[in-house]
Amino acid sequence: MNTRLIMLPALLTLLLTGCSDNSNTQTTSIDGEELYSLNCARCHKKDGTGDFLKGIPANKRTALQEEQVVLLIRQGDPSRPEMPTFPDLTEQQASAIVDYLFSLKVQ
């Protein structure tokens, strides 16, 4: 049997796994800055400015209320299908991220 055919499923799995935006590591941390760095900064940048050319909004200028952002982080929003969800984060962790994110607004 052709070795390439055997390796193809493994390679595809590896490639698709690498494309996942949900890269949070299982952590019990409740430090908002640390959680933001682990889960959000890759797309929204460390300073929350996003990437306009890639269609990634500046989340530090969000008009959403804190509770709405917590829900967006944990459950997503059908109107934002490109935004990954982070259901493994606790509500306390998501709130810590939001507290950190909203602190960026005043900087």
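Because the structure is a prediction, the values reported are computed rather than measured. (Residues numbered from 1 in each chain as written. Predicted model: local features only at pLDDT ≥ 70, side-chain atom pairs only at ≥ 80, totals over all residues. Heavy atoms only, no water.)

**Focus on the layout of surface pockets**
Working step 1: Estimates place the volume of the largest pocket at around 500 Å³.
Working step 2: Of the residues belonging to the lining of the largest pocket, the class tally is 15 nonpolar, six polar and five charged. (1 Å grid on protein atoms, 1.4 Å probe; cavity = no way out; pocket = protein on both sides within 12 Å on 5 of 7 lines; lining within 4 Å. Points joined across faces, edges and corners; volume = space filled by probe spheres on them. Nonpolar A, V, L, I, M, F, W, Y, C, P; charged D, E, K, R; others polar.)

**As for the packing of helix α4 (residues 66–75) against helix α5 (residues 91–104)**
Working step 1: α5 packs onto α4 with a crossing angle of 125° between their chain directions and a minimal axis gap of 9 Å. Here α4 is positioned oblique relative to α5, judged by the angle of their axes. As α4 runs across α5, the sense of the crossing is right-handed. Touching Glu66, Val69, Val70, Ile73 and Arg74 of α4 are Glu91, Ala94, Ser95, Ile97, Val98, Asp99, Leu101 and Phe102, all from α5.
Working step 2: Class assignment of the residues belonging to the contact of α4 with α5 gives a composition of eight nonpolar, one polar and four charged. (Axes fitted to C-alpha atoms, helices over the stretch in contact; angles between N-to-C directions. Helix = DSSP H or I, 4+ residues; strand = E, 2+ residues; numbered from the N terminus. Parallel < 35°, antiparallel > 145°, perpendicular 65-115°, else oblique. Left-handed = near helix turned anticlockwise from the far one by under 90°. Contact = heavy atoms within 4.5 Å.)

**Here's the deal with unusual backbone geometry**
Working step 1: Positive phi, normally seen in glycine, also occurs at Lys45, with a value near 70°.
Working step 2: For Lys45, the position within the fold is in the loop between α3 (41–44) and α4.
Working step 3: The class for Lys45 is partly exposed, based on a relative accessible area of 39%. (Buried < 20%, exposed > 50% of the residue type's maximum accessible area, 1.4 Å probe, protein only.)

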